[in-house]
Amino acid sequence: MLGMRDKKREVAEYIEIEGMPMEAIYELIERPQDLSKGDYALPCFRFAKTLRKSPVMIAEEIKNKILDKSHPFESVEAINGYLNFKFDKKKESLYLIENIRKQGAKYGSSDEGKGKTVCIDYSSINIAKPFHIGHLMTTVLGGALYRIYKKRGYNAVGINHLGDWGTQFGKLIVAYKMWGDEKTIRETGIMGLNDLYVKYHREAEKDKDLDDKARAWFKKIEDGDKEALKLFELFKELTLVEVEKVYKRLNIKFDSYAGESFYNDKMEPVLNELREKGLIEVSEGAEIVNLDEYQMPPCLLVRSDGATLYATRDLAAAFYRKKTYDFWKNLYVVAYQQNLHFKQVFKVVELMGYEWAKDLIHIPFGMVSLESGSMSTRAGNVVWLKDVLDRSEEQSLDIIKAKSPHLNNKETVSKQVGVGAVIFFALSSGRIKDTVFSYDEVLNFDGETGPYVQYTNARCNSVLRKAEVDIKNIPSGEIEADFSSIENESSYTLISILEQFGEILSISLDKYEPSILTRYLIDVAKAFNKFYLENRIIDGKLGVSNARLALVCSTAVVLKEGLSLLGIEAPEEM
């Protein structure tokens, strides 16, 4: 199989700068925004102080050294302190297209992560609470990182750290015993549980004794009371059945559902180690780790009543994951409101003397709020994710019926497009931005959206279906093609962008930012549509048609695989 080339490294190998190792040069090489200037460029401004020369002079001198020896470049130019490199268009086009055609869905794969395990803690839904729009970001962001890590050769472990512990279960048992029954709750499922939870908080404002009863029932769960545990397991069962339906629609999977309750018997050894190392202090009856020296409030681990907290469980989880998976990185895809919490937990691990504390990484993201204000499960002011997906699918079906009335599988395609629109919307902006959820934006099928990328892929497949040649299945080296027919600007711009796929995936992981991939797919779609408008693809001449069809085929491979990494399906017809 043809391997993935690192053309940036090929450029770096020809550059010699006194006192600069090749890896440092490699990191500085970039792609010009204007591809007419070159495929790669080295800005020479960083070297001016060290070499005591102007960037213009440095670029000129490096250029001359390269031109004095044998090299693979079509041109090397020094322009305004930049050194620009161009590869031979015809050779590069042929190489890339054959590479993509031969690798198919494996294009963009890499073994860069071989031998490295990445634990990804994401989604982490709460038992007895339906999947709402606020869970969308952590779920699709974590899912995209999971798939991209696997694509690049890492052993990714998806962990759903279930919110399955706390006094809310005592509250739910009180509500269930006062206003519910098993038959009704099995029929109504998670929505019935949520209604009970909302009713409890409404009634607790009038009857303060309810909270005492709730604490008593949660204590029974902790003590292993048979009735309390039976109800606790019922609530958990009903929740997982329901959320699994949403996960299936979003193409999300997990390797572990070890939630908060899983760590009940794993906290004490960690607490004992902290005590032995003299890191725990007692403050007003509570056990804390003092973090004044690091400009942070104390990390509270055990309350004065003996109860443990989120931090205690996250510490136990970190040690369990290190022991179980020996991770290279342990990622927490959790909203930015938890920044301080994770800083405290990671600092405690570091103070315990474990160098792998540096491998604990919080991936924060912005919050989703309604146009009318923030959401609250207690108050019942929340948008369920199931309803969002349903509405998006319904509107997709209306659009497809209007635009493609003769499409055979309208319902299936509307599901793919509707769900894809929601996922793409969530991943289209930088993750740290707060988002105001608006149906008009999510369901806008014009412009830079998931449906636009899906439609471009469908257009590629439509062209391939209309062709007389089955270009997908012609063996490498046996294609009769005139590759000079794709040496024009729109063709080569598309080829240059397709070539970046593997690089884009690595950058997405380096920055923990799948929006880099969504932006890239928009760029591919735009470049293809320009190529499509400016070139007659199914031309009278076989060689010309085949070369252009091969480029169409390559585009379809990248669009489909890129969407798949985001968790989005790519219908062949729309």
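Counting restarts for each chain, with residues numbered from 1 along the sequence as it is written. Since the coordinates come from a predicted model, pLDDT governs what is reported: local features require at least 70, and pairs of side-chain atoms require 80 or more to be given and counted, while whole-chain, interface and lining totals use all residues. Side-chain numbers come from the whole structure's heavy atoms, not from hydrogens or water.

### Considerations on the sheet that holds strand β4 (residues 117-121)
Defined as follows: Here, a strand pair is defined by DSSP locating no fewer than two bridges between the strands. Every helix listed is a DSSP run of H or I at least four residues long, and every strand listed is a run of E at least two residues long, numbered separately from the N terminus. Angles run from 0 to 180 degrees between N-to-C directions of axes, and those axes are lines fitted to C-alpha atoms, restricted for helices to the stretch in contact.
Taking strand neighbours across the sheet as the criterion, the four strands line up as β5-β4-β9-β10 in an open arrangement whose pairing is parallel. The open sheet has two free edges, formed respectively by β5 (155-159) and β10 (360-363), since each of these has just one partner strand. Here the strands of the sheet are splayed against their neighbours by 20 degrees on average, with no regard to which way each runs. Both β4 and β5 contribute to a ladder of five bridges, which runs parallel.

### Brief notes about the packing of helix α5 (residues 89-103) against helix α18 (residues 489-499)
The following threshold applies: Orientation labels follow simple angle bins: below 35 degrees gives roughly parallel, above 145 gives roughly antiparallel, 65 to 115 gives roughly perpendicular, and whatever is left gives oblique. Crossings are sorted by hand: turned counterclockwise from the far helix by less than a right angle, the near helix makes the crossing left-handed, and turned clockwise it makes it right-handed. The contact definition used throughout considers only heavy atoms, calling two residues in contact when any of these lie within 4.5 Å. Three categories are distinguished: nonpolar for Ala, Val, Leu, Ile, Met, Phe, Trp, Tyr, Cys and Pro, charged for Asp, Glu, Lys and Arg, and polar for the others, with Gly belonging to the last.
Two elements in contact, α5 and α18, have axes separated by 10 Å at closest approach and are oriented at 50 degrees. The orientation of α5 relative to α18 falls into the category oblique. Read as a crossing pair, α5 and α18 show a hand that is left-handed. Contacts between α5 and α18 pair K89, E92, S93, L96 and I100 from the former with Y492, I495, L498 and E499 from the latter. Among the residues forming the contact of α5 with α18, the class breakdown is five nonpolar, one polar and three charged.

### Here's the deal with the environment of G418
Considering the arrangement of structural elements, one finds G418 in helix α15 (residues 410-427). Taking C-alpha positions, G418 is 48 Å from Y14, a pair spaced 404 residues apart along the chain. Residues within four places of G418 in sequence aside, it is in contact with S392, E393 and S396.

### Let's talk about the pattern of salt bridges
The line we're drawing: Definition used for salt bridges: Asp or Glu carboxyl oxygen within 4 Å of a side-chain nitrogen of Lys or Arg. For every residue, the accessible area obtained with a 1.4 Å probe (protein chains only) is divided by the maximum for its type, and the residue is called buried under 20%, exposed over 50%, and partly exposed between those limits.
Following the criterion strictly, the structure yields 38 salt bridges and no others. With a closest N to O distance of 2.7 Å, R9 and E23 form a salt bridge. On the criterion of sequence distance, the pair formed by R9 in helix α1 (residues 7-12) and E23 in helix α2 (residues 22-28) is long-range, its members being 14 residues apart. By relative accessible area, which is 41% here, E23 ends up partly exposed. D390 is paired through a salt bridge with R249; the nearest N and O atoms lie 2.9 Å apart. With D390 in helix α14 (residues 385-403) and R249 in helix α10 (residues 226-249), this residue pair connects regions lying 141 residues apart in the sequence. Judged by its relative accessible area of 24%, R249 falls in the partly exposed class. A cluster of three or more residues bridged by salt bridges with shared partners is formed by K7, R31, E92, E499 and E503.

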